Amino acid sequence: MSTILQHSRIKSTATALAAAVVISTGFASSAIAETEAPGDFRPAASDAIEGQFIVALKKDAQEDKNTTAIAQDLVSKYGGEVGYVFKKALRGFSIRIDDAGAREMSTDPSVDYIEQNERGEIEKEPSLNSVPSPQEYDVSWNMDRIDQRTRPLDGSFNSDGTQGGATTRIYVTDTGINPHKTFGNRVEFGVDVTDDRLRGKSEGEDCHAGGHGTASASVAAGGSYATDSGDSVHGYGVARGAKIVNVKWANCEGFTDAIKQVQGLDWILDDPERVPNKSVIDMSSDLPGSTFFYDAVTQLVASGTVVVASAHNYNDNVCTSLWAPIYAHPGIILVGATNESDTRAEHSNYGGCIDMWAPGENIPAASHTSNDSSRQNNFGGTSAAAPAVAGAVALLQQRNLGDPAAIRGRLQLEASEEALSGMPNYPAPLLHVGGHYAASPSLNLVDNGSVVSPAITVNDQGDPRARQYLRVKVAIIHHTRGDLALDLIAPDGTSYRFRNPAPGDTASNIFQEFNVDAHNEAPNGAWKLRVTDTKVGSEVYDGRLDTWSLQF
């Protein structure tokens with residue numbers, strides 16, 4: 001059994017008890033403490049790091065003192081050396097101390113529990129046995145696959161254009177991110193909790209041999225660019241307008257540990273630029289089975305940040321009790337990997353707790369070696385699938401669709417339910433980011449009458465019905481928008497009114513996106529837009545419909 005797989009499994013009896021509490025109520029340290037003898041000390045059963053622990057303080061412990069002061073008091077009584085004092089993830093701190101000192105400290109009235117640190121690693125990329133499709137596409141097969149329901153692929157990625165996710169932040173927790181033209185100026189340094197700087201590396205630098213962090217970031221949000229030689233390269237990623245935040249928690253060798261991972265989440269929780277319901281975290285690392293990591297994830301989700309995690313590459317059921325309870329966390333969107341045959345990639349973990357599937361074999365990605373180099377069709381694993389889902393989350397967040405629970409529901413609602421075959425668990429939704437269809441009719445409106453736009457013809461949507469909510473975006477020039485009524489006309493002629501006249505609205509123009517419930521309609525066919533001006537006026541110019549679009 002690999003050390004990574006061991007690391008992912010539930011550890012000691014104390015951790016197993018914590019896992020049982022998670023299943024029923026979520027981690028609640030006070031509830032655990034009530035059932036255990038004084039001194040809640042939690043060793044790691046495997047992958048333990050000797051002499052390193054997290055000290056979690058009771059919520060009511062000396063409320064008149066800050067965490068740093070309490071930490072120093074405890075060190076003066078029991079010994080040890082204080083490491084990182086957490087700001088938001090929990091009330092506690094990391095400490096270097098021997099086992100005996102940690103056990104004794106756990107009996108202090110101010111201490112809730114002490115948990116041993118454990119090693120982790122970024123996800124190992126599998127050996128890819130399948131052969132990329134020989135046909136040359138304008139975009140990579142994975143991007144092409146997720147924007148349409150059925151095959152054959154059409155050679156394009158028609159999601160949200162170049163500005164998709166522009167109001168959002170994607171936190172990439174990985175081996176760092178190096179500058180690359182695919183990111184433009186959208187990468188922002190967050191925090192580096194590794195020791196790589198002591199080895200002469202720049203802060204946040206991706207010095208991993210495979211450039212894991214740079215590749216992951218590009219699948220989430222890489223845009224098109226021109227190389228130094230002048231060649232044009234398609235975009236690698238989904239949310240091509242999103243801000244990318246570099247949270248480096250794994251070193252040059254790809255190793256991390258639970259304390260470093262919680263430090264990264266603690267920084268994200270404390271980031272003043274993080275906006276609720278406009279942020280998503282991509283985690284493609286081994287996740288610890290610790291209480292404090294679970295609690296930090298719970299806080300992030302409660303604060304409005306979506307958490308996406310890879311399911312890992314061991315061809316195993318990640319949802320069993322042998323795996324750490326974090327993989328079944330109700331707030332995490334857990335992602336498995338598929339291949340070009342629309343079935344499970346042979347390396348991908350599986351299980352009923354996996355929320356979404358996305359392409360994870362033969363994926364082109366940005367290389368960390370120079371600012372315009374590529375990893376051609378050799379990035380893979382659920383590490384390549386999860387960032388695509390994180391990018392899709394950013395697109396949904398840009399549409400102001402609500403909190404993490406609403407985003408999860410919408411992501412599953414918009415997924416392709418019947419696209420995959422031979423899956424070990426059902427349902428097995430395949431990530432879908434839309435099918436974006438636009439028209440620019442430049443059609444003049446008429447006073448006290450209606451005009452109907454030329455049709456947008458849809459022919460590549462495989463589901464028998466349209467999605468519950470179609471997105472209809474319009475750009476209309478008009479002197480008094482309150483006079484206007486808007487209807488979507490389905491291929492069978494059914495009309496869906498999505499904007500009524502509003503006599504009190506005297507402002508001009510409509511540049512707006514609307515949700516239209518047309519889920520009983522067949523999606524393929526000719527869709528039209530009707531614009532009705534309900535008022536007779538004396539205007540010489542009655543306005544025009546400039547553009548409109550549909551997104552499934």
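Under the definition given, this model contains 23 salt bridges. Note that Asp342 is salt-bridged to Arg151, the shortest N-O span being 3.0 Å. In this pair, Asp342 sits in the loop between strand E14 (332–338) and strand E15 (356–359) while Arg151 sits in the loop between helix H6 (141–146) and strand E6 (169–174), placing the two residues 191 residues apart along the sequence. Asp342 sits in the buried class, given a relative accessible area of 8%. For Asp487, the salt bridge goes to Arg497, with nearest N and O atoms at 2.7 Å.

Enumeration over the complete set of coordinates arrives at seven aromatic pairs. Between Phe41 and Phe53, the ring centres sit 5.7 Å apart and the planes meet at 45°, which makes this aromatic pair tilted. Taken together, the residues span a long stretch of sequence, with Phe41 in strand E1 (residues 41–42) and Phe53 in strand E2 (residues 48–57) at a distance of 12 residues. Like Phe53, Phe41 is buried. With a centroid separation of 5.6 Å and an interplanar angle of 85°, the aromatic rings of Trp323 and Tyr327 are classed as edge-to-face. The same class applies to Trp323 as to Tyr327, namely buried.

Quick look at helix H4 (residues 67–78) now. Here H4 is 12 residues long and its end C-alpha atoms lie 16 Å apart, about the 16 Å a rise of 1.5 Å per residue gives. Residues of H4 that are buried include every one of Thr67, Ile70, Ala71, Leu74, Val75 and Tyr78, and no others. Along H4, the residues classed as buried sweep out an arc of 140° about the axis, all on the same side. Sitting at the amino-terminal end of H4 is Asn66, which places a side-chain oxygen 3.2 Å from the backbone nitrogen of Thr68. Gly79 lies just past H4 and shows a positive phi near 90°.

What the rule picks out here adds up to two disulfides. Paired through a disulfide, Cys207 and Cys252 show a sulfur-sulfur distance of 1.9 Å. Taking the torsion about the sulfur-sulfur bond, which here is approximately -85°, the covalent link between Cys207 and Cys252 counts as left-handed. With Cys207 in the loop between strand E7 (187–192) and helix H7 (212–221) and Cys252 in the loop between strand E10 (243–248) and strand E11 (255–257), the pair connects residues that are 45 residues apart, well separated along the chain. Like Cys252, Cys207 is buried. Note on cysteine connectivity: Cys319 is disulfide-linked to Cys353, with sulfurs 2.0 Å apart.

To continue, consider the confidence of the model for the chain. Mean pLDDT over the chain works out to 87, with 88% of the residues at or above the 70 mark. Every residue in residues 1–36 is under pLDDT 50, and counting partners more than four places away or in other chains gives 80 contacts. The model gives residues 128–137 a pLDDT under 50, and that stretch makes 18 contacts with residues more than four places away or in other chains.

Cut-off values and rules
Residues numbered from 1 in each chain as written. Predicted model: local features only at pLDDT ≥ 70, side-chain atom pairs only at ≥ 80, totals over all residues. Heavy atoms only, no water. Salt bridge = Lys/Arg side-chain N within 4 Å of Asp/Glu carboxyl O. Helix = DSSP H or I, 4+ residues; strand = E, 2+ residues; numbered from the N terminus. Buried < 20%, exposed > 50% of the residue type's maximum accessible area, 1.4 Å probe, protein only. Phe/Tyr/Trp six-rings, centres within 6.5 Å; stacked < 30°, edge-to-face > 60°. Expected span 1.5 Å × (residues − 1). Arc of directions from axis to C-beta. Polar contact = N/O pair within 3.5 Å; in protein donor to acceptor, adjacent residues only side chain to side chain. Disulfide = S-S within 2.5 Å. pLDDT = per-residue confidence, 0-100. Contact = heavy atoms within 4.5 Å.

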